[in-house]
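# Chain and residue survey
Listed below, chain by chain, are the residues.
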Amino acid sequence: MKIRELAHHWEENAKGRLTDTGYSIHLDVEAAARLAAIIEMYPKRHPEELLGELIGAALEELEKSFPYVKGSTIVATDEEGDPLYEESEHALGKTQDLLKAA
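Because the structure is predicted, anything quoted here is derived from the model rather than measured.

## Some details on the overall build of the chain
Secondary structure assignment for the chain yields four helices and two strands. For the chain, the sequential pattern of α-helices and β-strands runs α-α-α-β-β-α. Buried residues in the chain amount to 14% of all 102 residues. Look at the contacts in the chain between residues 6 or more apart in sequence, and 48% of them connect residues 24 or more apart.

Right, dumping it as structure tokens:
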């Protein structure tokens, strides 16, 4: 889910599954003020849910921002017969570390 989609998601008041693991974070004053404003805008949502969804959306966008670096091995061909290359080990590390954690 993209960050810009979160407001729409919150308007629909959808509930997601939460883990048992809790995190304690310290926010800078500006981020805390923004979070407080969002909490006021969506009073039916718990602050922890809002934070979790914000972090999840940010992580998804971060993963998508990692550059694709074409490797040397062809792993498949697309529908037009063009080769698809594996991702270079150079870029693969960051993406794979993030995916393994998920």
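## Comments concerning the pairing of strand β1 (residues 70-77)
Side-chain positions along a regular strand alternate between the two faces of the sheet. Relative to strand β2 (residues 83-87), β1 runs antiparallel, the two being bridged by four bridges. Bridged to Ala-76 within β2 is Leu-84. Hairpin connection from β1 to β2: five residues lie between these consecutive antiparallel strands, with Gly-81 at a positive phi of about 85°.

## Some remarks on helix α2 (residues 29-41)
Helix length check: α2 (13 residues) gives 18 Å between terminal C-alpha atoms against 18 Å at 1.5 Å per residue, within 8%. Its side-chain oxygen at 3.1 Å from the backbone nitrogen of Glu-30, Asp-28 defines the N-terminal cap of α2.

## Quick look at the packing of α2 against helix α3 (residues 47-65)
Helices that pack against each other are described as a pair by the angle of their axes relative to one another and the distance between those axes. Contact pair α2 / α3: the axes reach a minimum separation of 10 Å and the direction vectors enclose 120°. Relative to α3, α2 is oriented so that their crossing is right-handed. Here Leu-35, Ile-38 and Ile-39 of α2 come into contact with α3, specifically with Pro-47, Leu-50, Leu-51 and Leu-54. A breakdown of the residues in the contact of α2 with α3 according to their chemical character gives seven nonpolar, no polar and no charged.

## Some thoughts on the pattern of salt bridges
Scanning all chains against the criterion turns up three salt bridges. A salt bridge links Arg-45 to Glu-53; its shortest N-O distance comes to 2.5 Å. Glu-53 carries the same exposure label as Arg-45, and that label is buried.

## Observations concerning a nonpolar patch on the surface
Among the surface-exposed residues, Tyr-23, Ile-25, Leu-27, Ile-55, Leu-59 and Leu-62 lie close enough to one another that they form a single nonpolar patch of about 600 Å² accessible area. We classify Leu-62 as partly exposed; its relative accessible area is 39%.

## A word on the environment of Ile-39
As for its placement among the helices and strands, Ile-39 is situated in helix α2. The spacing of Ile-39 and Leu-51 is 12 residues in sequence and 9.6 Å in space, taken between C-alpha atoms. Excluding anything up to four places from it in sequence, Ile-39 contacts Pro-47 and Leu-50.

## What to know about the side chain of Glu-49
Here Glu-49 is to be found in helix α3. A polar atom in the side chain of Glu-49 sits 2.9 Å from the backbone nitrogen of His-46.

Cut-off values and rules
- Counting starts from 1 at the beginning of each chain's written sequence and moves along it residue by residue.
- Only residues with pLDDT of 70 or above have their local features reported here, since the model is predicted, and side-chain atom pairs are shown and tallied only from 80 upward, although totals for entire chains, interfaces and linings are computed over all residues.
- Note: side-chain values were computed over all heavy atoms of the structure, leaving out hydrogens and water.
- A helix here means a DSSP run of H or I that spans at least four residues, while a strand means a run of E at least two residues long, and both kinds are numbered starting from the N terminus.
- Only protein chains enter the calculation, and the probe is 1.4 Å; a residue is then buried if its accessible area is under 20% of its type maximum, exposed if over 50%, and partly exposed in between.
- For this analysis, residues touch if any pair of their heavy atoms sits within 4.5 Å.
- Any two strands between which DSSP finds at least two bridges are classified as paired.
- Expected helix span is given by 1.5 Å per residue-to-residue step, counting one fewer step than there are residues.
- The term polar contact refers here to a pair of N or O atoms within 3.5 Å; inside protein, the definition further demands a hydrogen-donor-capable atom paired with an acceptor-capable atom, and it admits residues adjacent in sequence only when both atoms are side-chain atoms.
- Inter-axis angles, ranging from 0 to 180 degrees, are taken between N-to-C directions of lines fitted to C-alpha atoms, where helices are fitted over the stretch in contact.
- The crossing is said to be left-handed when, going from far helix to near helix, the turn is anticlockwise and less than a right angle, and right-handed when the turn is clockwise.
- Under this grouping Gly is polar, as are all residues other than the nonpolar Ala, Val, Leu, Ile, Met, Phe, Trp, Tyr, Cys and Pro and the charged Asp, Glu, Lys and Arg.
- Basic side-chain nitrogens of Lys or Arg form a salt bridge, by our definition, when they fall within 4 Å of a carboxyl oxygen of Asp or Glu.
- Residues enter a patch when their relative accessible area is above 30% and they make no salt bridge; the linking distance is 9 Å between like charges and 5 Å between nonpolar side chains (Val, Leu, Ile, Met, Phe, Trp, Tyr).
- Computed with the Shrake-Rupley method and a 1.4 Å probe, the accessible areas treat only the protein chains shown as cover for residues.

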